[in-house]
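Structure assessment
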Amino acid sequence: MMNIHHKKFNEIFNTPHEHSFFAPGRINLIGEHIDYSGGYVFPCALTFGTYAWVSRRSDQKIVLYSDNFSELGVIEVDLSDLSYKKEHDWANYPKGTLSMLEKRDLTLDHGLNIYYYGNIPNGAGLSSSASIEMVTLWMVNQLFDFNLSLIDCALIGQETENHYMGVNSGIMDQFAIGMGQENHAIYLNTDTLDYKMVPIDLGAHKIVISNTNKRRGLADSKYNERRAECEEALSLLQTKADITNLCDLELNQFNEIKDVIKDEVILKRARHAVSENERTKLATKVSSDNDLEGFGKLMNESHISLRDDYEATGIELDTLVEAAWQHPGTLGARVTGAGFGGCSIAIVKEEQVEDYIESLHKIYLDKIGYEATFYVASIGKGTFQID
Ligand code: GLA
């Protein structure tokens, strides 16, 4: 695979690449939609992700090409104008990261040719955008000796989403993509950024990812709407409790003061945040005890909460997850990532994976009218320089 891209790099930029880098995609095992409410999340990096090859230029141009968007050709920008441009499409992600670095006075004194290729399905909730941000940030950090850590890069990646792309996302994706370790999930406190690596031993089971292939549509605006609803809940609850984040509350404390929220919808959003945080804490406990059945049950409860209280699933995801629950090989299944389409994950008995995929494929096609795509996930390592 690499040789094809080396060759194409040469053809496009008329020079060989000097270095290459990789950043993975991610799934979140549990702890959904609470990384902007100070909750615990439990994501892991995947073995698929985004590769980037680079060579230095002597001028001030950043020349970008993605093999995934070859129809858009080469996108050329000058370091003096890194502003968002709709027509630059995917290239706004790398541009955004450079623009956020500039805000920290981390400027590039010469241009770059960068070629990207990713094998994460785009827009599927597996963080292809955070992956391109992280691969770019780490590349630039290494080439220009900016002395940033992977966690610094994760924070700058989040800033890119928040202040450049207009998505008010939390820290989970970039953190997992930066810091992931093979066969480990990251138990991350999104308030303090304290974290613990938890080994994931699935025994004779696999994590199967199902992609709804639903068009992204309004996902980003729905995401921002949920975040705003949580902020509204927080400010009401703060009149009754001395808290900084929704997830500072335990479920019983929340139940004592929840009447301060009169709006049923806002109440449901807050209940999801508080209950999901408790489930995530419990889930890491049971996974340390290797209780996969217990973990699976918590995944199911997480999905129900995201479906009913957070309303972040939709018929496509619910069809896949409910079909997974019916399958005898499934220990647990839920949406992963932002939802509103995107992917679900399930822990499935290895010997039943094939049958599971066949069965879900058929149920989904019959009900939704187009196909879902399936991947068996392997937990890989975070962002790194290849050569
Ligand atoms: C997206 C965001 C993350 C997180 C998840 C939901 O992936 O980028 O910050 O909020 O949704 O858990």
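This section reports on the structure supplied with the text.

Cut-off values and rules
- Residues numbered from 1 in each chain as written.
- Predicted model: local features only at pLDDT ≥ 70, side-chain atom pairs only at ≥ 80, totals over all residues.
- Heavy atoms only, no water.
- Helix = DSSP H or I, 4+ residues; strand = E, 2+ residues; numbered from the N terminus.
- Rg over C-alpha atoms; globule rule 2.2 N^0.38 Å.
- Buried < 20%, exposed > 50% of the residue type's maximum accessible area, 1.4 Å probe, protein only.
- Areas by Shrake-Rupley, 256 points an atom, 1.4 Å probe, with all protein chains shown as cover.
- Lys, Arg positive; Asp, Glu negative; His and termini not counted.
- Charge placed at Lys NZ, Arg CZ, Asp CG, Glu CD.
- 1 Å grid on protein atoms, 1.4 Å probe; cavity = no way out; pocket = protein on both sides within 12 Å on 5 of 7 lines; lining within 4 Å.
- Points joined across faces, edges and corners; volume = space filled by probe spheres on them.
- Domains from an automatic or database assignment.
- Expected span 1.5 Å × (residues − 1).
- Contact = heavy atoms within 4.5 Å.
- Near = heavy atom within 4 Å.
- Polar contact = N/O pair within 3.5 Å; in protein donor to acceptor, adjacent residues only side chain to side chain.
- Sits in = over half its atoms within 2 Å of the grid points.
- Nonpolar A, V, L, I, M, F, W, Y, C, P; charged D, E, K, R; others polar.
- Axes fitted to C-alpha atoms, helices over the stretch in contact; angles between N-to-C directions.
- Left-handed = near helix turned anticlockwise from the far one by under 90°.

Moving on, we get to the overall build of the protein chain. Secondary structure summary: the protein chain contains 11 helices and 13 strands in total. The globule rule puts the C-alpha radius of gyration for 387 residues at 21 Å, and the 21 Å found for the protein chain is close to it. The buried share among the 387 residues of the protein chain stands at 58%. Put simply, the protein chain shows about 16,000 Å² of open surface, and 47% of that area lies on carbon and sulfur atoms. The protein chain carries 35 positive and 57 negative side-chain charges, and their two centres are separated by 3 Å.

Attention now moves to the layout of surface pockets. By volume, the largest pocket is sized at about 1,000 Å³. Around the largest pocket, the lining is made up of 45 residues, and of these Tyr93, Gly123, Ser128, Ser129 and Arg216 lie nearest the centre. The set of elements that each furnish at least two residues to the lining of the largest pocket consists of helix H2 (92–103), strand E6 (112–118), helix H3 (128–144), helix H4 (150–165), helix H5 (172–179) and helix H6 (219–237). Sort the elements by how many residues they give to the lining of the largest pocket and H6 lands first, with five residues. Residue contributions to the lining of the largest pocket reach at least three from each of two domains, namely domain 1 (2–199 + 381–385) and domain 2 (205–377). Volume-wise, the second largest pocket comes out at about 180 Å³. What lines the second largest pocket is simply Asn183, Ile200, Leu202, Gly203, His205, Lys206, Ile207, Glu350, Ala377, Ser378 and Ile379.

Let us look at the environment of Asp242. Following the sequence through the fold, Asp242 ends up in the loop between H6 and helix H7 (251–257). On the accessibility criterion, Asp242 (83% relative accessible area) is exposed. Remark: the alpha-carbon pair of Asp242 and Trp138, spanning 104 residues in sequence, is separated by 39 Å.

Taking 1.5 Å as the rise per residue, H4 with 16 residues should run 22 Å; its terminal C-alpha atoms sit 21 Å apart, in good agreement. Of all the positions in H4, only Leu150, Cys153, Ala154, Ile156, Gly157, Gln158, Thr160, Glu161, Asn162 and Tyr164 are classed as buried. Check the buried side of H4 and you find it contacts H2, H3 and H5. Just beyond H4, the residue with positive phi is Gly166, at close to 80°.

Quick look at helix H10 (residues 315–326) now. Compared with an ideal rise of 1.5 Å per residue, which puts 12 residues at 16 Å, H10 spans 16 Å between its outermost C-alpha atoms and is within 8% of the ideal. Those residues of H10 that sit buried are Glu316, Leu317, Asp318, Thr319, Leu320, Val321, Ala323 and Ala324. Looking at the buried positions of H10, the neighbouring elements they touch are strand E9 (205–211), helix H9 (292–308), strand E10 (330–336), strand E11 (343–349), helix H11 (353–368) and strand E12 (373–377).

The next subject is the site of the ligand. Inspection of the region around the ligand gives Arg26, Glu32, His33, Asp35, Tyr36, Ser169, Gly170, Met172, Asp173, Tyr223, Gly337 and Ala338 as its neighbouring residues. Contact between the ligand and Glu32: an oxygen atom at 2.6 Å from a side-chain N or O atom of the residue. The side chain of Asp35 places a nitrogen or oxygen atom 2.6 Å from an oxygen atom of the ligand. Protein chains bury 93% of the 310 Å² of accessible surface belonging to the ligand in isolation. At a threshold of 2 Å from the grid points, most atoms of the ligand map onto the largest pocket. The residue inventory of the shell around the ligand, partitioned by class, reads four nonpolar, four polar and four charged. Residue assignment places the shell around the ligand across two domains, with domain 1 (2–199 + 381–385) and domain 2 (205–377) each supplying three or more.

Close contact between H10 and H11 brings their axes to 10 Å; oriented N to C, the two are set at 145°. Handedness of the H10/H11 crossing: right-handed. Touching Ile315, Glu316, Thr319, Leu320, Ala323 and Ala324 of H10 are Tyr356, Leu360, Ile363, Tyr364, Lys367 and Ile368, all from H11. Among the residues making up the contact of H10 with H11, the classes are represented as nine nonpolar, one polar and two charged.

So yeah, pure geometry; function would need other evidence.
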